[in-house]
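Each chain, letter by letter, is given below.
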Amino acid sequence: MHVSFNLASQLDTALKAAAPLAGINADLFKPEVRTADPAHGDYQANGILGYAKQNKANPRALATALVTALPSELTALFEIQVAGPGFINFKLKPESLLEWLRLYGSLKALALGASENRKGERCVIDFGGPNTAKQMHVGHVRSAVIGQALARILAFNGATIVTDNHLGDWGTQFGKLIYAYKRWVNPQAMQNEPIEELERLYKLGSAATPENSAELEEARLELVKLQNGDKENVALWKTFTDISLVAFQKIYDQLGISFDHTLGESFYNDKLTPIYKELIEHKIAEESKGALVVFHPEHPRFKTQPFIVRKSDGAANYATTDLATLLYRVETFQATSIIYVVDKRQSDHFEQLFLTAKAWFSHTNRTLPVLNHVDFGTVLGENGTPLKTREGDNIKLQDLLNEAKQRAFSLVTLKSPDSPEIERTEIANVVGIGSVQYADLSQNRSSDYVFSWDKMISLEGNTAAYLLYAAARIHSIFRKHSIPLDVLEAEKGASALETPTEITLARKLVSFADAVRLAGDTLRPHFLCLYLYELAGSFSAFYTADKVLVEDPAIRDRRLLLCSRTLLVLETGLTLLGLRTLKRM
Ligand code: ARG
């Protein structure tokens, strides 16, 4: 028996299989294998406690019997101990650690192991979602960065991923924008800074059309014309969308983000009527003050707070398109799960959407996919209020990315003043952009976070620069001594790990499987960040304590093997998060 990549499942399966031999009813027994406190072992099985209690048995005796019943091939891999009232601790033996290092020595091997987790799942990830004719704001970048990382992590865990950028490209704002455009457009500005010009026009349009004014009525008529397919207005709307897409793409390119589909709200215009029909037919929606709404009697708030699916003027809204979008994703993409990476201020919307979809689908023969709102907090300035420019405007993202690159350039120059400027610039681009991404990813996404250049672009702490540097440093070890990175020779010659720092590092490497799984299962990339940060720390401790290029070939080989695998896991992890990596820094 080999050490498996997914050791927790390997143990789970083995414990279940051995249960009957220890007089345990395998149907009632859940082993509950978890990663353990490293002081006790690598994994811990807690399930005996609950089982013993239910069956009025002595947990320690039962745990001991279960351990005795495990096959010797498995027990050869671990030191096993029954602890406390009846936990079972499993600690990988140094030879097993070495075997793991030998077996999981390529991206392919890691990916193959990890892909066991989500086989058969077809997951649509809805992220990005900026609104056309407006600038993308930092919240949309958060969505894009987190969404991209989740797409890669879940794909690595074996799911088939479809990514969809659900643009806000329809709605009342276009009436006001067209109204303003027709009066006040500055063609020169439209050429040079189109997105800024559209934003200026939209502000003018909003200011010029107060409630109940004749101007508002005119803007509304522009919207009606657009909705009825008026040539001029449709062409204008199309121009606005095209301009926006180009501007968005520039930002996405720098962040290395791409989408399989960019189906905006407008894509669903002709798919809305059947939604009303079905909701009415199944008595899910009702008329209220002229609008079509859905209530959820079982919910404390949504029994009275309506989910408006058609406004009283007959127009569709955000809810309507989201219902149509959901149906489309089920029918066209065969989604078995859908993840919406959207600001937590929209949590009511998604909760109501999910409840409505559940009620609606239960009246049909469609299967409801697993629906998840992956929420995230607001990006705050250092004064604790949402991040804005000093003048109170939205931050221009290009300025933000440029500043990140500039600051990273100073950091890189400080570190390697003698390397050629062109090289420093390239490195700074990777570090700068990576720092912005990593700052977003390393926080628990549900909380607000304070944007701080100094913390973000630093070689100290849980930062992109620290991790990129750790990887680059390992590259330099191999480069300096002209040792091939694949360490095929070293793999054969390596002896079993001995020193505490070697063993700590190897155990950390083995737990990569648990970290990618945890990040995927909880849809929280920060678990992977934390893991990589700890891995870099274990590597650093190892590298300080244990000289790598020693005389004894068996020791040198196993240490080279550790270096090479640390690099592989670091680079794989950073790539899963959506960062680019560096060979030198
Ligand atoms: N355009 C929306 C906004 O800026 C985000 C869209 C999120 N996706 C969705 N299916 N509703 O708030």
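Residues numbered from 1 in each chain as written. Predicted model: local features only at pLDDT ≥ 70, side-chain atom pairs only at ≥ 80, totals over all residues. Heavy atoms only, no water.

Peer 1: Looking at this structure, how should I read the overall build of the chain?
Peer 2: The number of helices and strands found in the chain is 24 helices and 13 strands. Burial statistics for the chain: of 585 residues in total, 52% are counted as buried. Intrachain contacts of the chain at a sequence separation of at least 6 include 73% that bridge at least 24 residues. Split by element, the accessible area of the chain, about 26,400 Å² in all, is 53% carbon and sulfur. Averaged over its 64 positive side-chain charges, the chain has a centre that lies 2 Å from the centre of its 68 negative ones. (Helix = DSSP H or I, 4+ residues; strand = E, 2+ residues; numbered from the N terminus. Buried < 20%, exposed > 50% of the residue type's maximum accessible area, 1.4 Å probe, protein only. Contact = heavy atoms within 4.5 Å. Areas by Shrake-Rupley, 256 points an atom, 1.4 Å probe, with all protein chains shown as cover. Lys, Arg positive; Asp, Glu negative; His and termini not counted. Charge placed at Lys NZ, Arg CZ, Asp CG, Glu CD.)

Peer 1: Where do I start with the site of the ligand in this structure?
Peer 2: Surrounding the ligand, one finds Asp126, Gly129, Asn131, His140, His166, Gly168, Tyr318, Asp322, Tyr340, Val342, Gln346 and Phe350. Asp322 is positioned such that a nitrogen or oxygen atom in its side chain is 2.8 Å from a nitrogen atom of the ligand. For the ligand, an oxygen atom lies 2.7 Å from a polar atom in the side chain of Gln346. In isolation the ligand exposes 350 Å². Once the protein is present, 90% of that is buried. Elements that contribute at least two residues to the shell around the ligand include exactly helix 14 (318-333) and strand 10 (337-343). Its residues assigned to classes, the shell around the ligand shows four nonpolar, six polar and two charged. (Near = heavy atom within 4 Å. Polar contact = N/O pair within 3.5 Å; in protein donor to acceptor, adjacent residues only side chain to side chain. Nonpolar A, V, L, I, M, F, W, Y, C, P; charged D, E, K, R; others polar.)

Peer 1: Would you mind showing me how to read the side chain of Thr163 here?
Peer 2: Along the chain, the position of Thr163 falls in strand 6 (residues 160-164). With relative accessibility at 6%, the residue Thr163 sits in the buried group. In terms of polar contacts, Thr163 uses its side chain to reach the backbone amide nitrogen of Asp260, at 2.7 Å. Apart from residues lying up to four places away in sequence, Thr163 is in contact with Ile125, Phe127, Ala151, Ser258, Phe259, Asp260 and His261.

Peer 1: Could you clarify how one ought to interpret the environment of Gly264 in this entry?
Peer 2: Along the chain, Gly264 turns up in the loop between helix 12 (231-255) and helix 13 (273-281). Look at Gly264 and you get buried, because its relative accessible area is 4%. The spatial distance from the C-alpha of Gly264 to the C-alpha of Thr321 is 9.4 Å, given a sequence separation of 57 residues. Setting aside its immediate chain neighbours within four residues, Gly264 contacts Asn165, His166, Leu167 and Asp169.

Peer 1: Can you help me understand the packing of aromatic side chains in this one?
Peer 2: The description of an aromatic ring pair uses the distance of the two centres, along with the angle that the planes make with each other. This model, assessed by the stated rule, comprises 24 aromatic pairs. Aromatic pair Tyr179 and Trp184: ring centres 6.1 Å apart, planes at 70 degrees, arrangement edge-to-face. The class of Tyr179 is buried, set by a relative accessible area of 5%. Judged by relative accessible area, Trp184 falls into the partly exposed class, the value being 35%. For the pair Phe267 and Tyr328, a centre-to-centre distance of 5.1 Å together with 80 degrees between the ring planes defines the contact as edge-to-face. Of this pair, Phe267 sits in the loop between helix 12 and helix 13 while Tyr328 sits in helix 14, and the two are 61 residues apart along the sequence. According to the relative accessible area criterion, Phe267 is partly exposed, its value standing at 28%. (Phe/Tyr/Trp six-rings, centres within 6.5 Å; stacked < 30°, edge-to-face > 60°.)

The values are spatial; any link to function lies outside them.
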